[in-house]
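Residue-level structural notes
Here are the chains, one letter per residue:
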Amino acid sequence: MINSKELAPVLSAMQEAIEMSIKQTKNVFLTIALFAHGYASIIANNFLVYDEELVASHLEQAFKGAVLAAKENP
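Conventions we followed
- For every chain, the first residue of the written sequence is number 1, and numbering continues from 1 along that sequence.
- Where totals are concerned, whole chains, interfaces and linings use all residues; where local detail is concerned, this predicted model gives features only for residues with pLDDT of at least 70, and gives and counts side-chain atom pairs only at 80 or more.
- Note that water and hydrogens are dropped before the side-chain values are worked out from all heavy atoms of the structure.
- We define the nonpolar core as a collection of buried residues of types Ala, Val, Leu, Ile, Met, Phe, Trp, Tyr and Cys that are connected through side-chain atoms lying within 4.5 Å of one another.
- Only protein chains enter the area calculation, which uses a 1.4 Å probe; residues under 20% of their type maximum are buried, those over 50% are exposed, and those in between are partly exposed.
- Put simply, DSSP marks the helices as runs of H or I at least four residues long and the strands as runs of E at least two long, and each gets a number from the N terminus on.
- Only heavy atoms matter for contacts: two residues are in contact if any of them lie within 4.5 Å across the pair.
- Take the number of residues in a helix, subtract one, and multiply by 1.5 Å to get its expected span.
- This arc is built from the directions going out from the helix axis to the C-beta atoms.
- Side-chain atoms alone can form a polar contact between residues adjacent in sequence; in general such a contact is a pair of N or O atoms within 3.5 Å, and within protein one must be able to donate a hydrogen while the other accepts it.
- Angles run from 0 to 180 degrees between N-to-C directions of axes, and those axes are lines fitted to C-alpha atoms, restricted for helices to the stretch in contact.
- Throughout this description, any angle smaller than 35 degrees is read as roughly parallel, any larger than 145 degrees as roughly antiparallel, any in the 65 to 115 degree range as roughly perpendicular, and the remainder as oblique.
- We call Asp, Glu, Lys and Arg charged. Ala, Val, Leu, Ile, Met, Phe, Trp, Tyr, Cys and Pro are nonpolar, and the rest, Gly among them, are polar.
- What counts as a ring pair is set by centres within 6.5 Å for rings of Phe, Tyr and Trp (its six-membered ring), and what kind of pair is set by the plane angle: stacked under 30 degrees, edge-to-face over 60, tilted for all other angles.

Some words on the nonpolar core
One recurring pattern in soluble globular proteins: nonpolar side chains tend to sit buried together. Ile2, Leu7, Leu11, Met14, Ile18, Met20, Val28, Phe29, Ala66, Val67 and Ala70 form the largest nonpolar core, which has 11 residues in total. For this core, the secondary structure elements donating two or more residues are helix H1 (8-18), helix H2 (22-44) and helix H3 (52-72). Ignoring any residue separated from it by four or fewer positions in sequence, one finds phenylalanine 29 in contact with Met1, Ile2, Leu7, Val10, Leu11 and Met14.

In structure tokens form, the structure reads like this:
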């Protein structure tokens, strides 16, 4: 998935926005994708009532954390 040509434009835009190497950008993307997939699974299985504000807040925190971690480990 991470090396698919369809994802290249997304990774390119993300790389430009966070000003990191493509390797770091892919790591950030994978962290967010896994986090979002986890939320989707929990919501789809009715273990959590969807709360857009809460999910958005957690995804933003996960993104910021992933970016910081990537900067610490180039």
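Side note on H3
The first and last C-alpha atoms of H3 sit 30 Å apart over 21 residues, in line with the 30 Å expected at 1.5 Å per residue. Along H3, the positions that sit buried rather than exposed are Val55, Ala62, Ala66, Val67 and Ala70. What you see down the axis of H3 is that its buried residues fit within an arc of 135 degrees, all on one side. Exposed residues pointing more than 90 degrees away from the buried face of H3 are listed as Glu53, Gln61, Leu68, Lys71 and Glu72. Elements that come into contact with the buried residues of H3 comprise H1 and H2. One side-chain oxygen at the N-terminal end of H3 lies 3.2 Å from the backbone nitrogen of glutamate 53; it belongs to aspartate 51.

Observations concerning H1
Listing the buried residues of H1 in full gives Leu11, Met14 and Ile18. Relative to the axis of H1, the buried residues are bounded by an arc of 65 degrees and lie together on one face. For H1, exposure combined with an orientation more than 90 degrees from the buried face picks out Pro9 and Glu16.

A word on the packing of H1 against H2
H2 packs onto H1 with a crossing angle of 105 degrees between their chain directions and a minimal axis gap of 9 Å. As summarised for this structure, H1 and H2 are arranged roughly perpendicular, according to the angle between their axes. Contact residues: H1 offers Val10, Leu11, Met14, Gln15 and Ile18, while H2 offers Ile22, Thr25, Lys26, Val28 and Phe29. Looking at side-chain class alone, the contact of H1 with H2 contains 7 nonpolar, 2 polar and 1 charged residues.

What about the packing of aromatic side chains?
Where two aromatic rings form a pair, the distance of their centres and the angle of their planes describe that pair. Applying the stated rule across the entire model yields 1 aromatic pair. Between the aromatic rings of phenylalanine 35 and tyrosine 39, the centroid separation amounts to 5.9 Å while the plane-to-plane angle is 65 degrees, which identifies the pairing as edge-to-face. Within this pair, phenylalanine 35 and its partner tyrosine 39 are both found in helix H2, separated by 4 residues, close to a single helical turn.

Observations regarding the side chain of glutamine 24
Considering the arrangement of structural elements, one finds glutamine 24 in helix H2. Excluding its chain neighbours within four sequence positions, the residues that come into contact with glutamine 24 are Ala70, Lys71, Asn73 and Pro74.

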